[in-house]
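Residues per chain, in single letters:
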Amino acid sequence: MSYNKWGTDDEAKEISPSIQKMLGKVLGVTRPQIATEPPLVASRATAEDVQFFSRIVGEDFVSTDDAHRRPRARGKSYLDLLEWREGKEVSAPDVAVSPASEEEILEILEYCSEQQIAVVPFGGGTSVVGGVSPLKAENHRAVVSVDLSRFTDVEDVDTTSGLATLGAGLLGPHAEMKLAEYGMQLGHFPQSFPYASIGGFAATRSSGQNSAGYGRFDDMVREMTVVTPKGIIRPGKASPATAAGPSLKQLFMGSEGLFGIITRVRVHIHPIPEVKRYEAFSFPSFNDGVNALRAVEQSGAGPAVLRLSDEIESSVNLTSTDKIGENDEEEVKGCLAITMFEGTEEHAQRTHEETRNVLLAHGGTSVGEEPARQWEKGRFGAPVLRDSLMDAGALCETLETATDWANVPRLKRAVGKALASVLTEESTALIMCHVSHVYATGCSLYFTIVAGASDSVEETAQKWKAAKSAATEAMTLNGGTVTHHHAVGTDHLPWMNEEIGELGINILQAVKNELDPAGILNPGKTFSALNGFRGTLL
């Protein structure tokens, strides 16, 4: 990816006339904010550091050049991308290192522990919560980015048991292409799929768009290989289930590199589906649609994809990034639900019919398969469109949460009100929401926000920080989690005390003290605030 946008230059999306009309007429967007190439903070790596790393991994896989430091300096959150537009000096890793084995990583971590150098693991760089920002504590003299891009093997493919070991540096598409050689697939498709890595999926407890059918990524993981400063560990017993105490595997998933660097993941795989079936439905209201989705999930019908857009998101046709704003107002009524079914012909037909019957019984009206096909076609395109919206002068970002079914109306209302209280002070804002992941007891709520930017990049950043803080505060006060699948990073760190409690944080810190006594691994993220700081890092 380009360092200062989501995708590549070739992927850039032009803003359609319908979107331009929406930006100008509805949101009053008139101020372009074009990305620049600001200078980086000078590297603090010493010649001795470079010499040591080169001896371990080879000279070709160590660099202090800005060309290699810049892409590893930030993730892809709205605030990350805004920072490239401010024109100010940007902090970056002091050196980028790309090892090829667990033993090499262990030597790097041991050296960094001795030399007080912070370490930030780097996979696809798609974090939207500050997870890869190169932070360091006062006692750290430099930051090294440990790039996992050489861990790309697919090993131990067991088509009988449905298991395979994937290198942490494999990107989503590459993993699927390699598994396809065995007639298998992982089926994990988060919106970051084109660029996110297998190790990143595990480190952030990712949830893919097919989660209704295949579960979250942490449901798919059987075993991992993790390198810590104290040694190499392989949490996850090589058996379908075990009662041998607490799960160490779960301890490392979602840890965002604070406990160790994930290098390999053994995952559940399944045969490539023979067929896919599609159908979209319309509901009179969001609550009607939520009740219908709940009934489907609790019935065990088993669609691969089950999602619902609210009235505003449906009206602007956000489910299709190629046709946003092109709906005929006479045709736009209610809330759009998308369903997909896959597997054998018999299985797909059965789950389709069962789901369809439940949705129709709960007030849904079929609108055919085309909206669902359009969603699948454009489902990875929204982040790319955000780049163009930012260039045009729009504030555009997402956030998400999850709650019990009974609490959905209350939480949605509270988060929407919190966002509006900040974003509509100066202009109009589009605050849209959809259900993207469902469970027997509840679901996720995913908000997409488009508003006019402020007069300066700095003011726009402060505006979004205030809106994000208000929304997250509303989540904690109204029965929601601070994050469903975007991880914690720095953005959600201030609310982790409310999320897991002070004792919970102390437990995690005790684990970190054991595995990383020098405190070098991804400091200032998840639960580990810098220098004991518990305030906002936004």
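Because the structure is a prediction, the values reported are computed rather than measured.

Draft legend 1. Inspection of the overall build of the protein chain at higher detail. Along its length, the protein chain carries 18 helices and 18 strands. For the protein chain, whose C-alpha radius of gyration is 23 Å, the value lies close to the compact-globule estimate of 24 Å for 538 residues. Taken over the C-alpha atoms alone, the protein chain extends approximately 70 × 60 × 45 Å along its principal axes. The buried share of the protein chain, reckoned over its 538 residues, is 57%. The contacts of the protein chain with a sequence gap of at least 6 include a subset with a gap of at least 24, amounting to 78%. Entry remark: accessible area of the protein chain is about 21300 Å², with carbon and sulfur atoms responsible for 49%.

Draft legend 2. View of the packing of aromatic side chains. For the structure shown, the criterion picks out ten aromatic pairs. In this structure, arginine 70 is placed above the aromatic ring of tyrosine 3, and the distance from its NZ or CZ to the ring centre is 5.3 Å. Taking NZ or CZ as reference, arginine 150 lies 3.5 Å from the ring centre of phenylalanine 61, over its face.

Draft legend 3. Inspection of the pairing of strand 6 (residues 163-167) at higher detail. Most of strand 6 is tucked away, with five of its five residues classed as buried. The pairing of strand 5 (residues 154-158) with strand 6 spans three bridges and is classified as antiparallel. Paired with aspartate 158 across the strands is leucine 163, a residue of strand 6. The antiparallel hairpin formed by strand 5 and strand 6 contains four residues in its connecting segment, where glycine 162 sits at a positive phi of about 75°. Inspection of the sheet shows strand 6 paired to strand 10 (residues 261-268) by five bridges, in the antiparallel sense.

Draft legend 4. Highlighting helix 16 (residues 408-423). Across its 16 residues, helix 16 extends 22 Å between first and last C-alpha, which sits within 8% of the 22 Å expected from 1.5 Å per residue. Among the residues of helix 16, Val408, Leu411, Ala414, Val415, Gly416, Ala418, Leu419, Val422 and Leu423 are the ones counted as buried. Of the surrounding elements, those touching the buried residues of helix 16 are helix 11 (286-299), strand 16 (394-404), strand 17 (429-435), strand 18 (442-452) and helix 17 (457-477).

Draft legend 5. How the structure looks around the UniProt feature "domain: FAD-binding PCMH-type" (unreviewed entry) in the protein chain. The positions UniProt marks with the feature "domain: FAD-binding PCMH-type" (unreviewed entry) are residues 89-272. Taken end to end, residues 89-272 comprises 23% helix and 26% strand; its first and last C-alpha atoms sit 47 Å apart.

Cut-offs and rules
Residues numbered from 1 in each chain as written. Predicted model: local features only at pLDDT ≥ 70, side-chain atom pairs only at ≥ 80, totals over all residues. Heavy atoms only, no water. Helix = DSSP H or I, 4+ residues; strand = E, 2+ residues; numbered from the N terminus. Rg over C-alpha atoms; globule rule 2.2 N^0.38 Å. Buried < 20%, exposed > 50% of the residue type's maximum accessible area, 1.4 Å probe, protein only. Contact = heavy atoms within 4.5 Å. Areas by Shrake-Rupley, 256 points an atom, 1.4 Å probe, with all protein chains shown as cover. Phe/Tyr/Trp six-rings, centres within 6.5 Å; stacked < 30°, edge-to-face > 60°. Lys NZ or Arg CZ within 6 Å of the ring centre and 35° of its normal. Pairing = 2+ DSSP bridges. Expected span 1.5 Å × (residues − 1). UniProt positions renumbered as here; feature names shortened; annotations may be inferred.

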